Amino acid sequence: MKQHIETSLIHAGVRDGYENKKGAVNVPMYLSSTFHQESIDEFGEYDYARSGNPTRDALEKAVAELEGGVRAHAFSSGIAAVSAALMLLSQGDHIVITEDVYGGTYRFVSKVLPRLGITHTFVDFTDLAAVEAAITPATKLLYMETPSNPTLGITDIRAVVALAKQHNCLTFLDNTFMTPLHQRPLELGVDVVIHSATKFLSGHSDIIAGLTVTADEKLGQELYFIQNSFGNILGVQDSFTLLQNIKTTDVRFSRSAESAQKIAEFLAANSLVEQVYYPGLASHPGYEIHHSQSTSAGAVLSFRLPSYEAAKALVEAMKIPVFAVSLGGVESILSYPAKMSHAAMEPEERAKRGITDGLLRFSVGLEHVEDLIADFAQALEVIAVKAI
């Protein structure tokens with residue numbers, strides 16, 4: 001029976017537990033590095049935990065189901081998942097990648113892959129003609145991040161997939177900001193979906209984790225070979241925690257996204273804020289495309305103040321949010337991309353992407369929205385009084 005994803009969030013990956021694990025409603029933690037074999041001639045399903053562990057397998061099956069894929073793999077971090085997926089490429093291959101991309105991905109693509117003879121071109125993926133112009137005979141991959149980090153740029157997933165098929169390229173998409181609850185890239189033809197599961201899927205700022213999902217079994221097997229070869233697996237306790245936290249994704253994300261819309265509207269109406277980046281605002285250039293491929297505007301927004309001094313004053317005046325790296329937690333998190341998520345990016349490259357000295361990113365948590373808006377109001381008043 002086909003179920004809504006809200007139901008699958010609760011039960012995916014644990015159904016086998018009801019039947020085969022003494023009726024436990026939670027998958028057990030198999031804290032074992034190795035597994036006894038009954039025969040010298042034929043090994044069982046598990047032998048060494050790097051290659052497979054029942055708890056991690058339950059998580060991977062759950063995530064594959066949630067994304068509508070056939071294989072998922074759990075990694076020790078989001079960037080480990082990104083790196084593993086990119087290691088499917090070979091010397092001489094070329095990547096066309098969105099210029100508005102997470103700083104860790106930028107660092108891996110621009111600093112590590114060239115050592116292996118894998119080249120790249122950063123392009124504005126909101127401009128399909130520019131994406132096509134960047135494709136060469138050596139191009140093997142079109143890499144998307146939508147909404148992108150940190151300026152919430154929107155890529156037309158269907159259009160990029162169609163372009164990739166014309167040129168016999170793979171497509172990867174970082175789905176961290178939307179989760180499978182609100183954006184279904186595999187159903188739109190994407191080959192590999194990537195998550196920093198540290199963020200909304202876990203949602204409690206308690207673990208570091210990454211995921212890849214494929215709709216093609218062969219591609220999934222290739223990713224498993226990379227995972228097993230590099231050994232950058234997610235540990236058992238973190239796999240268990242992520243499985244538990246995934247169950248509440250809907251209620252957490254939906255509440256945060258509802259609040260994000262109200263906060264974005266409040267900030268957009270304030271004269272001290274130069275620009276708000278949030279695809280829930282009709283003024284966002286990607287508004288229509290985003291809502292044609294996603295069912296929520298998400299729980300992350302960015303906004304630009306006129307200067308570093310204004311950004312610094314607001315950060316120091318805010319009382320509720322945590323000022324920290326990361327996003328997607330139950331607590332609201334205020335971040336400064338230029339020195340946090342995109343610190344690895346050269347200043348001139350940040351400037352090209354609109355990551356100014358006055359740009360702040362806000363991940364909306366579960367606090368009452370009226371309290372968050374009141375906190376922003378008093379902080380912006382501080383800036384106004386200081387005439388920064």
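A brief look at the structure comes next. Treat the numbers as computed from the prediction; the structure is a model and nothing was measured.

**Focus on the pattern of salt bridges**
Link 1 in the chain: Counted according to the given criterion, the structure contains 10 salt bridges.
Link 2 in the chain: Linking E346 and K111 is a salt bridge whose minimum nitrogen-to-oxygen distance equals 2.9 Å. Residue E346 is located in the loop between β11 (333-335) and α14 (347-352), and its partner K111 is located in helix α5 (residues 103-112); the two are separated by 235 residues in the primary sequence.
Link 3 in the chain: Note on E346: relative accessible area 22%, which makes it partly exposed.
Link 4 in the chain: Given the relative accessible area of 43%, K111 is considered partly exposed.
Link 5 in the chain: Across the salt bridge formed by E274 and R304, the nearest N and O atoms sit 2.9 Å from each other. With E274 in the loop between α11 (249-268) and β8 (275-277) and R304 in strand β9 (residues 300-304), the pair connects residues that are 30 residues apart, well separated along the chain.
Link 6 in the chain: Overlapping salt bridges bring together E349, K352 and R353 as one network.

**Describing the layout of surface pockets**
Link 1 in the chain: Taken as a whole, the largest pocket holds about 520 Å³ of empty space.
Link 2 in the chain: Lining the largest pocket are 31 residues, with D124, T126, G153, I154 and P285 positioned closest to its centre.
Link 3 in the chain: Looking at the lining of the largest pocket, the elements with two or more residues in it are α7 (157-166) and β8.
Link 4 in the chain: By residue class, the composition of the lining of the largest pocket is 13 nonpolar, 11 polar and 7 charged.

**Quick look at the sheet that holds β9**
Link 1 in the chain: Strand order in the open sheet formed by 5 strands is β8-β9-β12-β11-β10, with mixed pairing between adjacent strands. Only two strands of the sheet have a single neighbouring strand rather than two, namely β8 and β10 (322-323).
Link 2 in the chain: Direction of pairing for β11 relative to strand β12 (residues 359-363): antiparallel, over a ladder of 3 bridges. Note that in β12 the partner of S335 across the bridge is R361.
Link 3 in the chain: With respect to the sheet, helix α13 (residues 308-317) is in contact with β9, β10, β11 and β12, its orientation differing from that of β12 by roughly 30°.

**What about the environment of A343?**
Link 1 in the chain: One can find A343 in the loop between β11 and α14.
Link 2 in the chain: Sequence separation between A343 and G103 is 240 residues, and the spatial gap between their C-alpha atoms is 6.9 Å.
Link 3 in the chain: Apart from the residues within four sequence positions on either side, A343 is in contact with P337, A338 and R350.

**Section: the pairing of strand β2 (residues 94-98)**
Link 1 in the chain: With 5 of 5 residues buried, β2 lies mostly within the body of the structure.
Link 2 in the chain: Note on the crossover from β2 through α5 to strand β3 (residues 119-123): the handedness is right-handed.
Link 3 in the chain: Inspection of the sheet shows β2 paired to strand β4 (residues 139-145) by 4 bridges, in the parallel sense. Paired with H94 across the two strands is T139, which belongs to β4.

Conventions adopted
Residues numbered from 1 in each chain as written. Predicted model: local features only at pLDDT ≥ 70, side-chain atom pairs only at ≥ 80, totals over all residues. Heavy atoms only, no water. Salt bridge = Lys/Arg side-chain N within 4 Å of Asp/Glu carboxyl O. Helix = DSSP H or I, 4+ residues; strand = E, 2+ residues; numbered from the N terminus. Buried < 20%, exposed > 50% of the residue type's maximum accessible area, 1.4 Å probe, protein only. 1 Å grid on protein atoms, 1.4 Å probe; cavity = no way out; pocket = protein on both sides within 12 Å on 5 of 7 lines; lining within 4 Å. Points joined across faces, edges and corners; volume = space filled by probe spheres on them. Nonpolar A, V, L, I, M, F, W, Y, C, P; charged D, E, K, R; others polar. Pairing = 2+ DSSP bridges. Contact = heavy atoms within 4.5 Å. Axes fitted to C-alpha atoms, helices over the stretch in contact; angles between N-to-C directions. Right-handed = clockwise from strand over helix to strand, strands pointing away.

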